[in-house]
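The chain contents come next:
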Amino acid sequence: MTVAEAINRDSRNIQKAKTFMEYVAEFDDREFMSALFAFLERPKRREVFAAVRNNETIVKCLELTGRALL
């Protein structure tokens, strides 16, 4: 939840979180990805996805987590 809180406070934290999200995605931790997006404010969800949409590892994990997140 701390990652989501940091992003909700300031969008500049998305770039910092992107590295962590890639690490989590490599381990296919769908539960974390689901929780992260659940705790993000709706406008921030769009910003996060826009920032990671070119990262195949993260996008694949998000797709496996559920298309509702995208």
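No experiment lies behind these values; they were computed from the predicted model shown. (Residues numbered from 1 in each chain as written. Predicted model: local features only at pLDDT ≥ 70, side-chain atom pairs only at ≥ 80, totals over all residues. Heavy atoms only, no water.)

## Considering the overall build of the protein
Point 1. A count of helical and extended segments in the protein gives 5 helices and 0 strands.
Point 2. From first element to last, N terminus to C terminus, the protein shows the α and β order α-α-α-α-α.
Point 3. Computed over C-alpha atoms, the radius of gyration of the protein comes to 11 Å, within 12% of the 11 Å expected from 2.2 N^0.38 for 70 residues, which places it in the range of a compact globule.
Point 4. When its C-alpha atoms are laid out on the principal axes, the protein stretches across 25 × 20 × 20 Å.
Point 5. Per-residue burial for the protein yields a buried fraction of 33% across its 70 residues.
Point 6. If you take every contact in the protein between residues at least 6 apart in sequence, the share linking residues at least 24 apart comes to 64%.
Point 7. As displayed, the protein has an accessible area near 4,700 Å², and 49% of this comes from carbon and sulfur atoms. (Helix = DSSP H or I, 4+ residues; strand = E, 2+ residues; numbered from the N terminus. Rg over C-alpha atoms; globule rule 2.2 N^0.38 Å. Buried < 20%, exposed > 50% of the residue type's maximum accessible area, 1.4 Å probe, protein only. Contact = heavy atoms within 4.5 Å. Areas by Shrake-Rupley, 256 points an atom, 1.4 Å probe, with all protein chains shown as cover.)

## Quick notes on helix α3 (residues 30–39)
Point 1. Restricting attention to buried positions, one finds in α3 the residues F32, M33, L36 and F37. Viewed end-on, α3 has its buried residues packed into an arc of 125 degrees, placing them on one side of the element. Those residues of α3 that are exposed and angled more than 90 degrees off the buried face are E31 and A38.
Point 2. Residues of α3 that are buried make contact with α1 (2–9), α2 (13–26), α4 (42–52) and α5 (56–65). (Arc of directions from axis to C-beta.)

## Re the nonpolar core
Point 1. With 17 residues, the main nonpolar core has M21, M33, L36, F37, L40, V48 and I58 as its most contacted residues.
Point 2. When contributions to this core are tallied by element, the ones reaching two or more residues are α1, α2, α3, α4 and α5.
Point 3. If you tally residues by element for this core, the top one is α2, at 5 residues. (Core = buried A, V, L, I, M, F, W, Y, C linked by side-chain atoms within 4.5 Å.)

## Quick notes on the packing of α1 against α3
Point 1. For the pair α1 and α3, interaxial distance at closest approach is 9 Å and the crossing angle is 35 degrees. Where α1 crosses over α3, the handedness of that crossing is right-handed. Every residue of α3 that contacts α1 at V3, A4 and N8 is listed here: F32, L36 and F39.
Point 2. For the contact of α1 with α3, a count of residues per class yields 5 nonpolar, 1 polar and no charged. (Axes fitted to C-alpha atoms, helices over the stretch in contact; angles between N-to-C directions. Left-handed = near helix turned anticlockwise from the far one by under 90°. Nonpolar A, V, L, I, M, F, W, Y, C, P; charged D, E, K, R; others polar.)

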